[in-house]
Amino acid sequence: MLSELHKKDRMMDIEHLILSLEGALDYFRANYHTIDNLNVFPVPDGDTGVNMLLTLEPAVEAIRRSEKRDFESVLSILQEETTINSRGNSGFILSQFFSGFSETVMDRGMITPEVLTEAFHQGHYVSKTAISTPMEGTMLSVFEAIAGAMSHARNGSVLEHLETAVKSGREEVFRSPEKLPVLKKAGVVDSGALGFVFLIEGMKRRLRGEEVGIENEDLYRFEPDVNTDIEELMHVGNRYCTELLIKRRENTPPNGLEEYLKNIGDSLALLVKDDIIKLHVHTNEPESVVNELSRYGTVVSKKIDDMKKQIEEEAKLFHHENEIGMLALAPGEGFRSVLHEFEPGLDVLVHDRNLPKTGDILHHVDQMPYEDVIVMANDKNIIPAVQLVKKKSNKHVEIFPSKNIVQGLAAVMGFVKNLSWQENLAQMTESMELVESISVYRSVKDSRFSGTAIPRGHYFAVMNSDVLAVNAGFRELVLKAVDAADPVSRINLSFYYNDQVDTELLESIRETLEGEYEDMDIEVHYGGQKTALLLIGLE
Amino acid sequence: MKIIIDNTCQLEPERIKELGLGLIDYPILLNGEVYPQTWDMPNVREEKEKFIELMRDKRNKATTVGLTEEQFIEAFEKYKNEEILLITQALHNTHATRDALNNVLREHPEYDVKAFDSKSLVSGVGVQLLALLRETEGRDVTRDECYNILMRNRENTRVLGVLYDMFYLHRGGRVGLAKAVMATAMGIIPLLSSEPASGVIKAVGKARNFKQACARFLAMIKTQMEEKDSKTLTVAMSYVLDHDKECRYMKKKLEEAAEERGWDLYVEINYSTFAHMPHLGPDYFEMGYVVGTA
């Protein structure tokens, strides 16, 4: 594996450039949702992150595939692929930055701190001149700020220049709301500008040998302007985001094209090269634009998005995303990972033999970053405590009355955090109804359960308050219990065992059942519950 | 009367011929070039699988484009002396197609066309046609009657499906939907649904395997049948590659439910058409169903 760039290296070779581009892409992949969520300018359609990702991704993939390892070849791929694949305003600006950046590096044939500085200046120049109405407070300002900061740090190493770039870029990002009033109104920084900083952050981290990090979206949000008119913020003047790639028929200059496009739309970005025309424009007349551009050659690709609709959908999702949380109460530590396997990020409160107190649940709910919280009890004896939480909490708390963790695990499969709590409760109920559970215990004394005598030391299995089977042997008991629970109609069987169960024995039970019921999938998980030795979920 | 439908309907060529339908193909672009495909091309199954293999290489980018006025005119011209009933997929997502169709209807009164927007996607389109044919079988019906039946069924149509690989939907720019499911853990299958009222595709949960997915789908269908107090169910499923096993399993479960609950059930399974592959990718199965009538 290629080693990291040394702190004092004044020269970056081609392998390190590729490494840094891969780092940029990986970092962006991990964080592009944050960029999408912050997107309000020029149109709050929530796609800046994905547009930037899809602009850069094919380029880095193509570089990876290419066997050529020289600046000329690699940067030509970067230029070409980002130009061809650029999406949206942000993608277009990013592609033009890379175009200018690459020109400089190809010309110099090396990357030193000085060349890096010059390349950032050129990237800024090319991108700014490709846009019909360049705006302050966007990615363009970040290019400029970084190039300026690098110019003042001439004597550093390549890595130090990148560190300067990240620092100055982040500072400029936080100035963006002052430059673009719409950002101030919405209480966010500019998403495209931040997206570019994420790319540089990714480059820097990879060259330092550091891991990809997950950015905290809250850092880039602040209190919105109280006088903000949401309707105004969501207003779209020119509704259709129209992007075209034209393969030019002949090299005649498209006289008057820019003027025509300025009259018919806004957010105009037009690139005319010898063989292609690349266009991004927001307009209410996309078909007219397509017809006009068709005069100059063949339409290679066309993308027309209805931004009004995108905004409505984004607003709906965003609203739910920030409202719905779910807290699952679990009777053993093992269930935490099982629950997270089904729903990453789910809040889980594990309790032992002693049931959780109202105060513990309330405290946990209050700490959750959601205003609407569904609490999944997973034990009928906990439901009263959750009802008290519902009364006492300042948040909107809904109780999901799962009577045991097996029901809870099934219900999680119906949970979609972006949906409303009503939809979630309905879907979770539907999921929960597909499962039944068996609990396996060992009797510590001679006793009776639901009218059935259970000798001391015997195992017994309970389903819906009925004793399904009693046996002195664990294996025999489990097989008997499963056999009594209509196994032929089941598609899944899940075992959740605790510390007292012999896992080798359980594995042999699983093998026996798999041989007997070929259509049934069998899973084994550690639950760590304190009461039942084994919980069996049957779907 | 001639029924014309577009190739999003998820019916296979033999079925289209058997039903005597006219068909319009949505074009596909692969890496910016028009990909040669038609619904009735020779060796169509092999050609589809060849295309799926190309899709599997994620460096290849496939997209769809809207229908043009010329395509509509060409289709209508073939049946210009007949009454035409045109059934389309949901047009609110494809404004270019909608505009092209409206222009043709406005500017070419010589074609006697009544257009029905199914407001549905994938098998939700084809199943509305199948439900119509079930209901009108053996009867002489006018175009207006057919149209009214379609309108009634449209509100009772739903689409359910499983995409094993969300990459393609995500790359296609359907960000809202992708967001709804991206948080889903690896190895967990997102269950998707769309309803005609909104046409919006949404995640309705997840499953660990296809049997669980089918169990959830069956539960949803049962709930809807009960809500509508219906005993009649028409289902069209589609798949790619070997995902017919999911469809056959689902069909079996539907038949068991039908027997238990006394449903009048019709199920049809087709290999997916080209039209959806660019967005849905190389691994999926889905179904559209209409509750009621017949």
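From a predicted model like this one, the values you see are computed outputs, not experimental measurements.

1. Some thoughts on the overall build of chain B
And then number 1: The number of helices and strands found in chain B is 11 helices and 13 strands.
And then number 2: By residue count, 47% of the 294 residues in chain B fall in the buried class.
And then number 3: In chain B, once contacts between residues fewer than 6 apart in sequence are set aside, the share between residues at least 24 apart is 77%.

2. With respect to helix H1 (residues 14-38) of chain A
Residues and elements named next belong to chain A.
And then number 1: Spanning 25 residues, H1 covers 34 Å between terminal C-alpha atoms, matching the ideal 36 Å at 1.5 Å per step.
And then number 2: The largest bend along H1 reaches roughly 55 degrees and is located at Asn31.
And then number 3: By the criterion of burial, H1 is predominantly enclosed, with 18 of the 25 residues buried.

3. Describing the environment of Lys445 of chain A
Residue and element names in this part refer to chain A.
And then number 1: Relative to the helices and strands, Lys445 is located in the loop between strand E9 (436-442) and strand E10 (447-449).
And then number 2: Exposure remark for Lys445: the 8 C-beta atoms within 10 Å place this residue in the exposed category.
And then number 3: Counting along the chain gives 11 residues from Lys445 to Arg456, while the straight-line C-alpha distance between them is 4.1 Å.

4. Structural notes on the nonpolar core
As a rule of thumb, nonpolar side chains are buried together in soluble globular proteins.
And then number 1: Counting residues in hydrophobic clusters, the biggest one holds 140 residues, and the most contacted among them are Val375, Met376, Val440, Ala481 and Leu534 of chain A together with Val235 and Met237 of chain B.
And then number 2: It is helix H9 (residues 210-227) of chain B that provides the largest number of residues to this core, a total of seven residues.
And then number 3: Grouped together as the second largest cluster of nonpolar side chains are 80 residues, Leu53, Ile246, Ala269 and Val289 of chain A included.

5. Notes on the sheet that holds strand E6 (residues 347-350) of chain A
All names here are of chain A.
And then number 1: Taken in spatial order, the four strands line up as E6-E5-E7-E8 in an open sheet, and their pairing is parallel. Only two strands of the sheet have a single partner each, and these edge strands are E6 and strand E8 (396-400). On average, each strand axis in the sheet is inclined to that of its neighbour by 20 degrees, with strand direction left out of account.
And then number 2: Summarising the sheet, strand E7 (residues 372-376) and E8 pair through five bridges and their orientation is parallel. Within the sheet, the bridge partner assigned to Val375 lies in E8 and is Ile399.
And then number 3: In the packing of helix H14 (residues 334-342) onto the sheet, the strands contacted are strand E5 (324-330) and E6, and the crossing angle to E5 comes to about 150 degrees.
And then number 4: Contacts from helix H16 (residues 383-392) reach E7 and E8, with the element oriented near 165 degrees to E8.

6. Notes on the confidence of the model for chain B
Residues and elements named next belong to chain B.
And then number 1: For chain B, the average pLDDT comes to 89, and 91% of its residues sit at 70 or higher.
And then number 2: pLDDT under 50 marks residues 175-186. Its contacts with residues more than four places away, or in other chains, come to 31 contacts.
And then number 3: We note a pTM of 0.59 for the whole complex and an ipTM of 0.75 for its interfaces.

7. A look at the environment of Pro286 of chain A
Residue and element names in this part refer to chain A.
And then number 1: The topology assignment puts Pro286 in helix H12 (residues 286-294).
And then number 2: Between the alpha carbons of Pro286 and Gly265 there is a distance of 9.4 Å; along the sequence they are 21 residues apart.
And then number 3: Apart from residues lying up to four places away in sequence, Pro286 is in contact with Tyr240, Thr242 and Ile304.

8. Structural notes on the packing of H9 of chain B against helix H10 (residues 244-261) of chain B
All names here are of chain B.
And then number 1: Contact pair H9 / H10: the axes reach a minimum separation of 10 Å and the direction vectors enclose 40 degrees. As judged from the angle between their axes, H9 and H10 are oblique. H10 is crossed by H9, and the crossing has right-handed handedness. Of the residues in H10, those in contact with Phe210, Lys211, Cys214, Phe217, Leu218 and Lys222 of H9 are Glu246, Tyr249, Met250, Lys253, Leu254 and Ala257.
And then number 2: Looking at the contact of H9 with H10 residue by residue, the class counts come to eight nonpolar, no polar and four charged.

9. Describing the pairing of strand E1 (residues 2-6) of chain B
Residues and elements named next belong to chain B.
And then number 1: Counting buried residues along E1, five of its five residues qualify, which places the element largely inside the surrounding structure.
And then number 2: The side-chain alternation of E1 yields two buried faces, one formed by Lys2, Ile4 and Asp6 and the other by Ile3 and Ile5.
And then number 3: Bridge analysis of E1 against strand E6 (residues 84-88) gives four bridges, and the strand direction is parallel. What sits directly across from Ile4, in E6, is Leu86.
And then number 4: Both E1 and strand E2 (residues 22-24) contribute to a ladder of three bridges, which runs parallel. Bridge assignment links Ile5 to a residue of E2, and that residue is Leu23.
And then number 5: Crossover handedness for the path E1 to helix H1 (residues 13-19) to E2: right-handed.

10. Concerning the interface of chain A and chain B
And then number 1: If you look at the interface, chain A gives 36 residues, while chain B gives 29 residues.
And then number 2: Broken down by secondary-structure element, the contributors of at least two residues to the side of chain A that touches chain B are H1, helix H2 (48-65), strand E4 (297-306), helix H13 (307-321), H14 and helix H18 (421-432) of chain A.
And then number 3: Among the elements that line the side of chain A that touches chain B, the one with the most residues is E4 of chain A, at six residues.
And then number 4: Class assignment of the residues belonging to the side of chain A that touches chain B gives a composition of 12 nonpolar, nine polar and 15 charged.

11. Side note on the sheet that holds strand E7 (residues 113-117) of chain B
Hydrogen bonds between backbone atoms are what pair the strands of a sheet, whose relative direction is either parallel or antiparallel.
Residue and element names in this part refer to chain B.
And then number 1: The strand order E2-E1-E6-E7 describes an open sheet built from four strands, whose pairing is parallel. The open sheet has two edge strands, E2 and E7, and neither has a second partner. The sheet shows a mean angle of 20 degrees between the axes of neighbouring strands, taken without regard to direction.
And then number 2: Taken strand by strand, helix H6 (residues 143-154) contacts E6 and E7, and its axis lies near 10 degrees from that of E7.

12. Observations regarding the environment of Ala532 of chain A
Residue and element names in this part refer to chain A.
And then number 1: Here Ala532 shows up in the loop between strand E15 (521-526) and strand E16 (534-538).
And then number 2: Taking the number of C-beta atoms within 10 Å as the measure of exposure, Ala532 has 23 and is therefore buried.
And then number 3: Ignoring sequence-local partners within four residues, the contact set of Ala532 consists of Ser439, Val440 and Tyr441.

Calculation rules
Residues numbered from 1 in each chain as written. Chains lettered and ligands numbered in written order. Predicted model: local features only at pLDDT ≥ 70, side-chain atom pairs only at ≥ 80, totals over all residues. Helix = DSSP H or I, 4+ residues; strand = E, 2+ residues; numbered from the N terminus. Buried ≥ 20, exposed ≤ 12 C-beta atoms within 10 Å, placed from the backbone. Contact = placed C-beta atoms within 7 Å. Expected span 1.5 Å × (residues − 1). Bend = angle between axes of the 7 residues up to and from the residue. Core = buried A, V, L, I, M, F, W, Y, C linked by C-beta atoms within 7 Å. Pairing = 2+ DSSP bridges. Axes fitted to C-alpha atoms, helices over the stretch in contact; angles between N-to-C directions. pLDDT = per-residue confidence, 0-100. Parallel < 35°, antiparallel > 145°, perpendicular 65-115°, else oblique. Left-handed = near helix turned anticlockwise from the far one by under 90°. Nonpolar A, V, L, I, M, F, W, Y, C, P; charged D, E, K, R; others polar. Right-handed = clockwise from strand over helix to strand, strands pointing away.

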